[in-house]
Amino acid sequence: MLHLCASAVWGGAEQVALTLRDLALAHGWDASIDLPVPVPTERFAASAVEPAPTVSWWRWALHERRPVDVVHAHLPWPDRLGPALLAAQGTPLVVTFHLLPREGGWTRDRLFGVPTKWLMTLVGRTRARVAWVALSREDARTLERLLGAPVVVVRNAPPRAIPSTRPVSWPDGAVRLVSVGRLEWQKGFERMIDALARPPVRDLPWHWNLLGEGSLRDDLRARIRAAGLDDRITLAGARPASDGLTGAQLLLAPSLREGMPLVPLEALEAGVPVIASRIPPHEELFEKVPGALLSADEGAWSTDLARGIADGVVRQRLLLAQRRILGDDPRESTWAMYASLYDELRLTR
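Residues numbered from 1 in each chain as written. Predicted model: local features only at pLDDT ≥ 70, side-chain atom pairs only at ≥ 80, totals over all residues. Heavy atoms only, no water.

### Observations concerning the overall build of the protein chain
Each helix and strand counted, the protein chain has 13 helices and 11 strands in total. Its C-alpha atoms give the protein chain a radius of gyration of 21 Å, within 12% of the compact-globule value 20 Å for 349 residues. Each principal axis of the C-alpha atoms in the protein chain carries an extent, and together these give about 65 × 40 × 40 Å. Counting across all 349 residues of the protein chain, residues that qualify as buried make up 56%. For the protein chain, the accessible area works out to roughly 15,300 Å², and carbon and sulfur atoms hold 51% of it. Taking the average place of the 42 positive charges on the side chains of the protein chain and the average place of its 40 negative ones, the gap between the two points comes to 2 Å. (Helix = DSSP H or I, 4+ residues; strand = E, 2+ residues; numbered from the N terminus. Rg over C-alpha atoms; globule rule 2.2 N^0.38 Å. Buried < 20%, exposed > 50% of the residue type's maximum accessible area, 1.4 Å probe, protein only. Areas by Shrake-Rupley, 256 points an atom, 1.4 Å probe, with all protein chains shown as cover. Lys, Arg positive; Asp, Glu negative; His and termini not counted. Charge placed at Lys NZ, Arg CZ, Asp CG, Glu CD.)

Okay, here's the thing in structure tokens:
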């Protein structure tokens, strides 16, 4: 089988593809990955990999490949569907949509130049031997309306952790907070800075390490300085998630939009409880865990955070409830769902 990663950067979709490739190999499949950019040496340090300046999607899609039984296309954005379809060359195909645009944010397909929604509708009604996959129930409903075809929900599993070689540090006596992600609008770090700057949480002993790089680094630094939090928030740069999760006591996940984020899952597997923004994938993950979700009103975030930061017993209860979400072996559970799709397509004539 072949995993196609139609992206110009190494990120969450590619981490999922690598995890599935490794699981396929462990289960006796002959599996490989193809993507337009080199695989980073530190394979889970996603934010440390610079995007390719240009990608010739036609050249990549028409690249000569050996015959395979199943192709799995991992789309970080739906506008890569055209390149993935052409690269699959009619082979039985699984397509996973890792992130969908906001309403009004749909663009044109990178390969064919037609509206993405139009291409999805056409392909959904005409392409045989394909399995469509969403990461959440909400995304599945959106995709089913567009594709006119059934969509399977397969939740991401955390990638296998790599040991930290350079863990971040926190001041003595401070509750150890951490976040991991690109320093971009989508991740919502600006509003977390604002929340931490307000009482009652400001008055508590904590330190927040923020791991990642992106276009908002200077803006975030200026916001931290303006809030008087220079000595309480550290922009730690692009680092593997394990560098931040080692020793952390609470993960903050303030994203505005996600598909099914990997970092909260990695945190739970590392024994770090999570407090997350109230967006559909977080609600789906933590709907049965009181205290895991921040208020819809951002003005109340300071009070929400104070409850988790002030009380270690609250954090421990949160972790115990959240840890059940992963089950005994989340990677094997995710593999079993995908393997069923692979076999169904492979055996259908």
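The rest of the description comes next.
### A look at the packing of helix α6 (residues 189-196) against helix α11 (residues 301-310)
In the contact formed by α6 and α11, the axes pass within 8 Å of each other and the chain directions differ by 75 degrees. In this view, α6 runs roughly perpendicular relative to α11, as classed from their interaxial angle. Residues R191, M192, A195 and L196 of α6 form the contact with α11, whose participating residues are W301, S302 and L305. For the contact of α6 with α11, a count of residues per class yields 5 nonpolar, 1 polar and 1 charged. (Axes fitted to C-alpha atoms, helices over the stretch in contact; angles between N-to-C directions. Parallel < 35°, antiparallel > 145°, perpendicular 65-115°, else oblique. Contact = heavy atoms within 4.5 Å. Nonpolar A, V, L, I, M, F, W, Y, C, P; charged D, E, K, R; others polar.)

### Quick look at the packing of aromatic side chains
Applying the stated criterion to the full structure yields 8 aromatic pairs. Note on W29 and W335: the rings are 6.2 Å apart at their centroids and 85 degrees apart in plane angle, and the pair reads as edge-to-face. In this pair, W29 sits in the loop between α1 (12-26) and β2 (32-34) while W335 sits in helix α13 (residues 330-347), placing the two residues 306 residues apart along the sequence. This pair shows no difference in class: W29 is buried, exactly as W335 is. A connected cluster of aromatic rings, assembled from ring pairs, spans W29, W335, Y338 and Y342. (Phe/Tyr/Trp six-rings, centres within 6.5 Å; stacked < 30°, edge-to-face > 60°.)

### Here we look at the side chain of E14
Mapped onto the secondary structure, E14 falls in helix α1. The charged side chain of E14 is buried without a salt bridge, its nearest counter-charge being R80 at 7.0 Å. In contact with E14, not counting residues within four places along its chain, are C5, S7, V9 and L35. (Salt bridge = Lys/Arg side-chain N within 4 Å of Asp/Glu carboxyl O.)

### Concerning a nonpolar patch on the surface
Nonpolar side chains collect at one region of the surface, where W58, L62 and F112 lie side by side and expose about 320 Å² of accessible area between them. Of note, F112 is situated in the loop between β4 (93-97) and α4 (116-126). Looking at F112, the relative accessible area reads 40%, which means it is partly exposed. (Patch = residues over 30% accessible without salt bridge, like charges linked within 9 Å, V, L, I, M, F, W, Y side chains within 5 Å.)

### Re the sheet that holds strand β6 (residues 151-153)
If you walk across this open sheet you meet the 6 strands as β2-β1-β3-β4-β5-β6, and the pairing is parallel. The sheet is open, and its two borders are formed by β2 and β6, each paired with just one other strand. Adjacent strand axes in the sheet meet at a mean angle of 25 degrees when their direction is disregarded. Strands β4, β5 (130-134) and β6 of the sheet are contacted by helix α5 (residues 137-147), whose axis makes an angle of about 170 degrees with β6. (Pairing = 2+ DSSP bridges.)

### Examining the side chain of H3
Structurally, H3 is set in strand β1 (residues 2-5). We classify H3 as buried; its relative accessible area is 0%. Among all residues touching H3, those that are not within four sequence positions of it are A17, L20, R21, S32, I33, D34, H72, H74 and Y342.

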